[in-house]
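Here's the letter readout for the chains.
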Amino acid sequence: MIEGGYPLEGEVVINGAKNAAVAVIPAALMSEGESVIENLPLIEDVFAMDDILLKLGAKIEYDNHSLKIDARNLHSYIAPYESVKKIRASYYLIGALLTRFGKAEVAMPGGCNFGSRPIDQHIKGFRALGADVRIENGMIKAYADRLVGTKIYLDVVSVGATINLMLAAVKAKGITIIENAAKEPHVVDTANFLNSMGAKIKGAGTDVIRIEGVDRLYPTKYAIIPDQIEAGTYMIAACATKGHIVVKNVIPKHLESLTAKLVEMGAEVITYEDSIEVICKQKLRSSSIKTMPYPGFPTDLQPQMTVLLSLCSGTSIVTEGVWENRYQYVDELKKMGANIKVEGRVAVVEGVESLQGLRLLLWTFGQVLL
Ligand code: UD1
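Note that this is a predicted model, so its numbers are computed, not measured.

Visitor: Provide a residue-level description of the overall build of the chain, including the pertinent values.
Guide: Counting its regular elements, the chain contains twelve helices and 20 strands. Taking 370 residues into account, the globule formula puts the C-alpha radius of gyration at 21 Å, and the chain, at 21 Å, falls close to it. Along the three orthogonal principal directions, the C-alpha set of the chain runs to about 60 × 40 × 35 Å. Out of the 370 residues belonging to the chain, those deemed buried represent 51%. Contacts in the chain between residues at least 24 apart in sequence constitute 70% of all its contacts with a sequence separation of at least 6. As displayed, the chain offers around 16,400 Å² of accessible surface, 52% of which is attributable to carbon and sulfur atoms.

In structure tokens:
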């Protein structure tokens, strides 16, 4: 139950990045040893990934936000639907298990519904690396004695495909080049994690990633980056409530597209080395955003931003450039008093004076945030 109408004031320490965590945890299965991942967010997606690891035979142990993963005695390369249905990022198990065992059988992923979420680019890449990939009874089955490095051009900029192909290529024979790669901070973080295991990945964070296959990966200890979406959500919430907050434990560079937009709209945003202060004392100006792959404005902040734009003066245009159907929350927001018209991937937002409290359906509310 949320009682509205109060400005957000104070400091908040941001957790580790969920989208890095769900890639790095399966990646830890690729070395036959005990790795430690630090700064993990203690959230459902991470716990869902932990459950899958346990079923594959890994041992796990938490010490606050650190997770020790003992992958020495994995006994299975199969992740059935029951295990993976809660988490879309379970597709990373294909790349990770293929590298560990030369075979992987993983059910088609579940996760948030933003419309059609194909994984054709992942499959195209695995096949280019020499894997025999079949889809049978809702399972993606991939087999390869040893993958062989090659050049892969992604037809769309995909975070998941970029990371999954890095996982598959780290022990492939020879050189793999991923072109038109995603540049998101969690792509770079996963590459850094893999390099700390002994992989040889260069260029993560640019659109060409070069991977030289190695024979062995070693256990590692690694702290993942802060969550840019969590930080951005608080920054937007501060503006929506005319508040004054400091988000701590962030990498300000990862939030540049949001910071620039909030400043353009009239908020004061002060960037320090690892924190950001947001001060918003008046109604902000309307604006336009278009979501794009990093370093563009992140789609995962689009719903939060649309809420803020609903409270600005004037007309704003939101264009969703990544997902085909990411406005399901709008109907519920309109019931709260927002004035938004959605036409395909474009939402026209007319600012209103305020929103009213309402009983919301939990699943719909979840989609505002995810
Ligand atoms: C990741 C994030 C998600 C975020 C999204 C875009 C994780 C676990 N999730 O999702 O929070 O919203 O990036 O920043 O990191 N596509 C294809 N074929 C493919 C793969 C993707 O056509 O094989 C398309 C998708 O339909 C979408 C676009 O490419 O339109 C981007 O998808 P992608 O970057 O792969 O998203 P995810 O990795 O699933």
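Visitor: Any chance you could break down the sheet that holds strand β5 (residues 78-79) for me, citing the residues and the numbers?
Guide: What the four strands build is an open sheet, ordered β5-β6-β8-β7; its pairing is mixed. For this open sheet the edge positions go to β5 and β7 (132-136), each flanked by a neighbour on one side alone.

Visitor: Give a detailed account of the domain arrangement of the chain, specifying residues and quantitative values.
Guide: Segmentation of the chain into domains returns domain 1 (9-14 + 226-350) and domain 2 (18-223). If you average the C-alpha positions of domain 1 and of domain 2, the two centres end up 30 Å apart. Every contact between the two is made by 14 residues of domain 1 and, on the other side, 13 residues of domain 2. Surface buried jointly by domain 1 and domain 2 totals about 1,100 Å² across both partners, of which 52% is contributed by carbon and sulfur atoms. In this assembly, domain 1 and domain 2 are joined by zero salt bridges. Across the contact surface, domain 1 and domain 2 share two residue pairs in polar contact (both at pLDDT 80 or more). For the side of domain 1 that touches domain 2, the class distribution of residues is five nonpolar, five polar and four charged.

Visitor: Give a detailed account of the sheet that holds strand β11 (residues 200-202), specifying residues and quantitative values.
Guide: Taken in spatial order, the four strands make up an open sheet running β9-β10-β12-β11, and their pairing is mixed. Whereas interior strands pair on both sides, the edge strands pair on one side only; in this sheet they are β9 (151-153) and β11. Direction aside, neighbouring strands of the sheet carry axes that sit 15 degrees apart on average. Pairing of β11 with strand β12 (residues 208-212), which is carried by three bridges, proceeds in the antiparallel orientation. Each bridged residue has a counterpart across the sheet, and for Ile-201 the counterpart in β12 is Ile-211.

Visitor: Tell me about a nonpolar patch on the surface, and please be specific about residues and values.
Guide: On the surface, Leu-42, Phe-47 and Tyr-62 cluster together into a nonpolar patch covering about 230 Å² of accessible area. Turning to its location among the elements, Tyr-62 is positioned in strand β3 (residues 59-63).

Visitor: Residue-level account of the side chain of Ser-83, with values.
Guide: Here Ser-83 is to be found in helix α3 (residues 81-84). Using a relative accessible area of 10% as the deciding quantity, one classes Ser-83 as buried. In this structure, Ser-83 is in contact with Ile-52 and Lys-55, ignoring residues within four places of it in sequence.

Visitor: Tell me about the environment of Asp-274, and please be specific about residues and values.
Guide: As for its placement among the helices and strands, Asp-274 is situated in the loop between β15 (268-271) and β16 (275-279). Classification of Asp-274 as partly exposed rests on a relative accessible area of 46%. Considering only alpha carbons, one finds Asp-274 and Ser-313, 39 residues apart in sequence, at a separation of 32 Å. Every residue in contact with Asp-274, bar those within four places of it in the chain, is listed here: Val-247, Lys-248, Asn-249, Val-250 and Pro-252.

Visitor: Any chance you could break down helix α7 (residues 185-196) for me, citing the residues and the numbers?
Guide: Over its twelve residues, α7 extends 16 Å from the first C-alpha to the last, a length consistent with the 16 Å expected when each residue adds 1.5 Å. Taken as a whole, α7 has its buried residues at Pro-185, His-186, Val-187, Asp-189, Thr-190, Ala-191, Phe-193 and Leu-194. Once α7 finishes, Gly-198 follows within two positions and takes phi at roughly 110 degrees, a positive value.

Visitor: Break down the packing of aromatic side chains for me, with residues and values.
Guide: One pass over the full model with this rule turns up five aromatic pairs. Considering the side-chain rings of Phe-193 and Tyr-222, the 5.6 Å spacing of their centres and the 80 degrees angle between planes classify their relative orientation as edge-to-face. Placement of Phe-193 in helix α7 and of Tyr-222 in strand β13 (residues 221-223) is noted, with a sequence separation of 29 residues between them. When its relative accessible area of 13% is taken as the criterion, Tyr-222 is described as buried. Taken together, a centroid distance of 6.5 Å and an interplanar angle of 45 degrees make the contact between Tyr-327 and Tyr-329 tilted. Here the guanidinium or amino end of Arg-100 rests over the ring plane of Phe-101, the centre of that ring lying 5.5 Å away.

About the thresholds
- Residues numbered from 1 in each chain as written.
- Predicted model: local features only at pLDDT ≥ 70, side-chain atom pairs only at ≥ 80, totals over all residues.
- Heavy atoms only, no water.
- Helix = DSSP H or I, 4+ residues; strand = E, 2+ residues; numbered from the N terminus.
- Rg over C-alpha atoms; globule rule 2.2 N^0.38 Å.
- Buried < 20%, exposed > 50% of the residue type's maximum accessible area, 1.4 Å probe, protein only.
- Contact = heavy atoms within 4.5 Å.
- Areas by Shrake-Rupley, 256 points an atom, 1.4 Å probe, with all protein chains shown as cover.
- Pairing = 2+ DSSP bridges.
- Domains from an automatic or database assignment.
- Buried area = accessible area lost by both parts, 1.4 Å probe.
- Salt bridge = Lys/Arg side-chain N within 4 Å of Asp/Glu carboxyl O.
- Polar contact = N/O pair within 3.5 Å; in protein donor to acceptor, adjacent residues only side chain to side chain.
- Nonpolar A, V, L, I, M, F, W, Y, C, P; charged D, E, K, R; others polar.
- Axes fitted to C-alpha atoms, helices over the stretch in contact; angles between N-to-C directions.
- Patch = residues over 30% accessible without salt bridge, like charges linked within 9 Å, V, L, I, M, F, W, Y side chains within 5 Å.
- Expected span 1.5 Å × (residues − 1).
- Phe/Tyr/Trp six-rings, centres within 6.5 Å; stacked < 30°, edge-to-face > 60°.
- Lys NZ or Arg CZ within 6 Å of the ring centre and 35° of its normal.

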